[in-house]
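Each chain is listed here by its residues.
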Amino acid sequence: MPRLAIGLATSIWALAAPLPAHAACEGPLAVQILGSGGPIAEGPRAGSSAIIWIDGKAAAVIDTGSGAFVRYGQAGARFEDHRVIALTHFHADHAADLAAILNSGSFSDRSEKLPILGPQGNAHFPGVGAHLRALFDPETGAFRYLSGFLDGTTGKPMLVPVEIPAEGPAAPFADALTGLTITPVPVQHGVVPALAYVIEIRGKMVVFAGDQNEFSEDFVAILSRRRPDLLIAHNVIPQGEGQPRGLHRPPSSIGEMAAAINPRLLVLSHNMQRALVRQSEGEAAIRQAYQGPMTIADDLSCYAL
Ligand SMILES: [Zn+2]
């Protein structure tokens, strides 16, 4: 019996052991990739998500893809610190953990409204307002028990959807408290209304290209020679024949985009296994046009600005 008691005590202690330390992303300004993967569950990569850290606070969350919830906790993000959540589009690998992260935040003491940027809808996809109603509408929402997010009742902060038209220049979102501005730029992603985001803070610029195909010419024209500190592009499909086309830039097109925009660092994220297994071929295709610095993000990768 004493042995059993010791065994039980040991296992209970193990359960109570502290979690691993937060994967701290230090410095006054930094970008942290929460999820560096795509829509297929094929390894230790969550779907697309990232945080803009300002003075140690998770000021902005860009996308909330599948698995982002876990990385968000590992990163030590606090819901009270968000000034905005910006969603590029409503594919599940970019938005599936939105409800999970908001639900987590409902346990915080935040009462301040939270703007949610996202695209306007079309015949194929709801816009950000309709997406939030589909989640939280008190009559019809999938998570109607969290309907306080729509009207600010039951102790929840009210979400304020900001719908960005799929065409033409959009007004920047500006946060007076931090000085952060986020300019949405519509991009081409098949029939999916989709946005890139240009983040500007204290003279630094970070561009989330989002999911976009090679016909996103306006995006390249707008960013041409702007020399952002980071250009985060999506490494989804290999170069070569017989690969899926139409939704994403192949590596050669990523290279052309990067050459035109000329970032201080090109970060490849949304890394799918089918691209990674042929990465040397992909990098060679990128290098045809772009010779600047380039790196591949993992989950929780941190880039100080
Ligand atoms: Zn997508």
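Below or above, wherever it landed, is the structure these notes cover. (Residues numbered from 1 in each chain as written. Predicted model: local features only at pLDDT ≥ 70, side-chain atom pairs only at ≥ 80, totals over all residues. Heavy atoms only, no water.)

### Side note on the overall build of the chain
- The number of helices and strands found in the chain is 10 helices and 14 strands.
- Taken over C-alpha atoms, the radius of gyration comes to 20 Å for the chain, in line with the 19 Å a tight globule of 305 residues would show.
- When burial is assessed residue by residue, the chain has 52% of its 305 residues classed as buried.
- Of all intrachain contacts in the chain linking residues separated by at least 6 positions in sequence, the fraction that spans at least 24 positions is 64%.
- When the accessible area of the chain is evaluated, it comes to approximately 13,700 Å², of which 58% is carbon and sulfur surface.
- Averaged over its 22 positive side-chain charges, the chain has a centre that lies 5 Å from the centre of its 28 negative ones. (Helix = DSSP H or I, 4+ residues; strand = E, 2+ residues; numbered from the N terminus. Rg over C-alpha atoms; globule rule 2.2 N^0.38 Å. Buried < 20%, exposed > 50% of the residue type's maximum accessible area, 1.4 Å probe, protein only. Contact = heavy atoms within 4.5 Å. Areas by Shrake-Rupley, 256 points an atom, 1.4 Å probe, with all protein chains shown as cover. Lys, Arg positive; Asp, Glu negative; His and termini not counted. Charge placed at Lys NZ, Arg CZ, Asp CG, Glu CD.)

### Looking at the coordination of the zinc ion
- For the zinc ion, the protein coordination sphere consists of His89 (NE2), His91 (ND1), His189 (NE2) and Asp211 (OD), at 2.2 to 2.3 Å.
- Counting the intervening residues between successive donors of the zinc ion yields the motif H-x1-H-x97-H-x21-D. Of this pair, His89 sits in the loop between β4 (84–86) and α3 (92–95) while Asp211 sits in the loop between β10 (204–208) and α7 (217–223), and the two are 122 residues apart along the sequence. Both residues of the pair, His89 and Asp211, count as buried. (Donors = N, O, S within 2.8 Å, 3.2 Å for Na, K, Ca; no water.)

### Looking at the sheet that holds strand β9 (residues 194–201)
- Read across the sheet, seven strands follow the order β7-β8-β9-β10-β11-β12-β13 without closing on themselves; strand pairing throughout is mixed. Of all the strands in the sheet, the pair left with one neighbour each is β7 (173–174) and β13 (294–296).
- Summarising the sheet, β7 and strand β8 (residues 181–187) pair through two bridges and their orientation is antiparallel. Residue pairing for β8: Ala174 is matched across the bridge by Thr181.
- Set on the sheet, helix α8 (residues 251–261) makes contact with β11 (230–234) and β12 (266–269); between it and β11 the angle comes to about 165°.
- In the packing of helix α10 (residues 279–287) onto the sheet, the strands contacted are β12 and β13, and the crossing angle to β13 comes to about 155°. (Pairing = 2+ DSSP bridges. Axes fitted to C-alpha atoms, helices over the stretch in contact; angles between N-to-C directions.)

### Some thoughts on the packing of helix α2 (residues 68–75) against helix α4 (residues 98–105)
- Put simply, α2 and α4 touch, their axes get as near as 8 Å, and they point 40° apart. By the criterion of interaxial angle, the relationship of α2 to α4 is oblique. Where α2 abuts α4, its residues Ala68, Phe69 and Tyr72 lie against Ala100, Ile101 and Ser104.
- Within the contact of α2 with α4, the residues separate by chemical class into five nonpolar, one polar and no charged. (Parallel < 35°, antiparallel > 145°, perpendicular 65-115°, else oblique. Nonpolar A, V, L, I, M, F, W, Y, C, P; charged D, E, K, R; others polar.)

### As for α2
- Restricting attention to buried positions, one finds in α2 the residues Ala68, Arg71, Tyr72 and Ala75. For α2, the angular spread of buried residues about the axis comes to 105°, placing them on one side.
- Elements that come into contact with the buried residues of α2 comprise β1 (29–35), β2 (49–54), β3 (57–64) and α4.
- With its phi angle positive at about 80°, Gly76 sits one or two positions after the end of α2. (Arc of directions from axis to C-beta.)

### A few points about the environment of Ile40
- On the secondary structure map, Ile40 appears in the loop between β1 and β2.
- Note on Ile40: relative accessible area 43%, which makes it partly exposed.
- Distance from Ile40 to Ser66, taken between C-alpha atoms, is 9.6 Å for residues 26 residues apart in sequence.

### Things to note about empty space enclosed by the protein
- Applying the stated criterion to the full structure yields two cavities of 30 Å³ or more.
- Computed from the structure, the largest cavity encloses a volume of approximately 110 Å³.
- Every residue lining the largest cavity is counted, 13 residues in all, and those nearest its centre are Ser48, Ser49, Asp63, Phe208 and His234.
- Going through the elements one at a time, β1, β2, β3 and β11 are the ones with two or more residues in the lining of the largest cavity. (1 Å grid on protein atoms, 1.4 Å probe; cavity = no way out; pocket = protein on both sides within 12 Å on 5 of 7 lines; lining within 4 Å. Points joined across faces, edges and corners; volume = space filled by probe spheres on them.)

### Side note on the sheet that holds β4
- If you walk across this open sheet you meet the seven strands as β6-β5-β4-β3-β2-β1-β14, and the pairing is mixed. Sheet topology places β6 (159–164) and β14 (302–304) at the edges, where each strand pairs with a single neighbour. If you compare each strand with its neighbour and ignore which way they point, the axes differ by 20° on average.
- Here β1 runs beside β2; their pairing, made up of six bridges, is antiparallel. Across the sheet, the residue bridging to Gln32 is Ile51, located in β2.

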